[in-house]
Amino acid sequence: MMLRYSFAVLHLLALAIGIAAVYGRWRALRKVKGNADMAAVFHADNWYGVATIIWLVTGLVRAFAGLEKGTEYYLGSHWFLGKMGLFVIVFLLEIYPMVMLIRWRTALKKGTAIDVGSAPLLARLTLAELPLLILMVCMATAMARGL
Ligand code: HEM
């Protein structure tokens, strides 16, 4: 019972952290003019990474380790499948920002100047993820109640 409760709490905490991080990364990316502005982007991006790991670990354990309603229930729920579909779309939208941010981190560590020309695109991609995450919450609450 305690484990089930803890995983539910962590899953919801990831939601708070994740939404704040995506919003923060979008705001930070919009303001990027040069290397000096990257700290805020990386800070938000780190928290987004933390939220994603918690989401994945707690979500998969809750769904498939018998912690909640059991694998069969979730695989038979169109809300669950829809939620996972949105998760995949968010992941696809995240590929380009992820690759660019890793490149920028590496370049800055080496002391090389970075070309921040793609920051506005990264900001738009980040913002596009926000409504999808909110839609995932709508689907999750429907899924949990067997609607
Ligand atoms: C691989 C990723 C994920 C998996 C496998 C997963 C799985 C689950 C499972 C099994 C539950 C428990 C539902 C129940 O009580 O029957 C749940 C709840 C929930 N999930 Fe996820 N989840 C994932 C990612 C996410 C993400 C990214 C979000 C938000 C954007 C999210 C939002 C929620 C919310 C809000 C609930 C609580 C629903 C409620 O009790 O009303 N999940 N999730």
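My aim in this report is to walk through the structure given alongside it, one point at a time. (Residues numbered from 1 in each chain as written. Predicted model: local features only at pLDDT ≥ 70, side-chain atom pairs only at ≥ 80, totals over all residues. Heavy atoms only, no water.)

1. Side note on the packing of helix α2 (residues 38-64) against helix α4 (residues 78-110)
Next, step 1: Two numbers describe how α2 lies on α4: the axes approach to 11 Å, and their chain directions differ by 145°. Like other packed secondary-structure pairs, α2 and α4 cross with a definite hand, here left-handed. Where α2 approaches α4, its residues Met38, Val41, Phe42, Asp45, Asn46, Tyr48, Leu56, Ala63 and Phe64 are matched on the opposing element by Phe80, Phe87, Val90, Glu94, Leu101, Trp104, Arg105 and Leu108. (Axes fitted to C-alpha atoms, helices over the stretch in contact; angles between N-to-C directions. Helix = DSSP H or I, 4+ residues; strand = E, 2+ residues; numbered from the N terminus. Left-handed = near helix turned anticlockwise from the far one by under 90°. Contact = heavy atoms within 4.5 Å.)

2. Observations concerning helix α1 (residues 2-30)
Next, step 1: The end-to-end C-alpha separation of α1 is 42 Å, in line with the 42 Å expected for 29 residues at 1.5 Å each.
Next, step 2: Along α1, the residues that are buried comprise Phe7, His11, Ala14, Gly18, Ala21, Val22, Arg25, Trp26, Ala28 and Leu29. (Expected span 1.5 Å × (residues − 1). Buried < 20%, exposed > 50% of the residue type's maximum accessible area, 1.4 Å probe, protein only.)

3. A word on the pattern of salt bridges
Next, step 1: Following the criterion strictly, the structure yields five salt bridges and no others.
Next, step 2: Between glutamate 68 and arginine 4 there is a salt bridge, with its nearest N and O atoms 3.2 Å apart. Pair noted here: glutamate 68 is in the loop between α2 and α3 (71-75) and arginine 4 is in helix α1, with a separation of 64 residues, a long-range link.
Next, step 3: Residue classification places arginine 4 among the partly exposed residues on the basis of a relative accessible area of 37%.
Next, step 4: In this structure, the salt-bridge partner of arginine 105 is aspartate 45, at a minimum N-O distance of 2.9 Å. Taken together, the positions of arginine 105 in helix α4 and aspartate 45 in helix α2 put the pair 60 residues apart, joining distant regions of the chain.
Next, step 5: Its relative accessible area of 23% is what places arginine 105 among the partly exposed residues.
Next, step 6: Its relative accessible area of 15% is what places aspartate 45 among the buried residues.
Next, step 7: A single network of salt bridges, built from pairs that share partners, joins Arg25, Asp45, Glu94 and Arg105. (Salt bridge = Lys/Arg side-chain N within 4 Å of Asp/Glu carboxyl O.)

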